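Structural overview
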Amino acid sequence: MKSIFMRFPNGKPKALTFSYDDGTICDKKLIDIFDKHGLKCTFNVNSGMFLSEEDAVKYSDDPTRRMTEREMLETYGTEHEIAVHGVNHLFMEQLPAPSALYETIEDRAALERTFGTVVRGMAYPFGTLSDSLVNGLKAAGIVYSRTVSESHSFDIPSDWLRLQATCHHDNKRLNEFADKFILSSPTDEYFNRKPWLFYVWGHTFEFERNDNWEIMENLADKVSGKDDVWYATNIEIYDYTDAYNRLQFNIDTTLVTNPSAYDIWFEKDRELICVKSGETKRI
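Here goes a summary of the coordinates provided.

A separate point is the sheet that holds strand E13 (residues 264–268). Spatially, the 3 strands line up as an open sheet ordered E1-E13-E14, and their pairing is antiparallel. Each having just a single partner strand, strand E1 (4–7) and strand E14 (271–275) make up the two edges of the open sheet. Ignoring strand direction, the axes of neighbouring strands in this sheet form an average angle of 30 degrees. In this sheet, E13 lies alongside E1 in antiparallel orientation, the contact comprising 4 bridges. Among the inter-strand pairings, methionine 6 is bridged to a residue of E13, identified as phenylalanine 266.

Let us now look at the packing of aromatic side chains. Tallied over the entire structure, the rule returns 16 aromatic pairs. A centroid spacing of 5.6 Å and a plane angle of 35 degrees characterise the contact between phenylalanine 8 and tryptophan 230, whose relative ring orientation is tilted. Highlighted residues: phenylalanine 8 in the loop between E1 and strand E2 (14–21) and tryptophan 230 in strand E10 (residues 229–231), separated in sequence by 222 residues. A relative accessible area of 15% means that tryptophan 230 is categorised as buried. Here tyrosine 190 and phenylalanine 191 contribute two aromatic rings whose centre-to-centre distance is 4.8 Å and whose plane-to-plane angle is 85 degrees, an arrangement assigned as edge-to-face. The class for tyrosine 190 is exposed, based on a relative accessible area of 59%. Its relative accessible area of 68% is what places phenylalanine 191 among the exposed residues. An aromatic cluster of three or more residues is present, and its members are Phe154, Phe181, Trp196 and Phe198. Looking at lysine 14, its charged tip hangs above the ring of phenylalanine 181, at a distance of 5.2 Å from the centre.

Scoring rules and cut-offs
- Residues numbered from 1 in each chain as written.
- Predicted model: local features only at pLDDT ≥ 70, side-chain atom pairs only at ≥ 80, totals over all residues.
- Heavy atoms only, no water.
- Pairing = 2+ DSSP bridges.
- Helix = DSSP H or I, 4+ residues; strand = E, 2+ residues; numbered from the N terminus.
- Axes fitted to C-alpha atoms, helices over the stretch in contact; angles between N-to-C directions.
- Phe/Tyr/Trp six-rings, centres within 6.5 Å; stacked < 30°, edge-to-face > 60°.
- Buried < 20%, exposed > 50% of the residue type's maximum accessible area, 1.4 Å probe, protein only.
- Lys NZ or Arg CZ within 6 Å of the ring centre and 35° of its normal.

See the structure below:
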């Protein structure tokens, strides 16, 4: 029996994703940076805090204000993901269970109406959570939710509803993580060849308030355009990983069936293998 390790689409051993909260006007500049470099991001939005057109004019001098619904539709496009952040950005674990469920479901429903997409991801407002809240998210059809805890690793999440990013963009080790991610690879290892996920989170208004947009501009320059990296949204990585985990192997791992809608890649004894959607394959 040979060792088997997941690989991302086209056999890539690494994936990169970003997650940014609150839906402020600063998201526009971040998207300009991401689109220029071919990077993808998940934006976590509070539907109950869309700014009115009148207030957008009133607060037009505030470079960190919230966006209107129209501005959001014009800004996010189709390459990036929209996800739940609670209708009103409350401490959801402190709410009665029905109220927390409402904050989730109503935000999901409003975002789906606005953006015409199926919304299944989330980031916890303030990063706070509880076991009962996690159970409520499952009932609301949320498949992952990001905390504010940091793993300082490239490990694939084991608990997607208590999702940890690698680090915040202000983490002093950001460049250290980025250098390792770009200059090294799980394929350099002899035994532990597990895939890597580099996950960065934050709020775009922090760049504006701290006058440090160069952090993201430099990071984007460093990590973009790499042939061995899959640039994806949070939900794309979740769905691919979920599909990989549903592969059906026989006992001695010489036969595999892929029941999912995705072509799935993995490495078996250093050989790259692709099992197409619906395929049963001798390996």
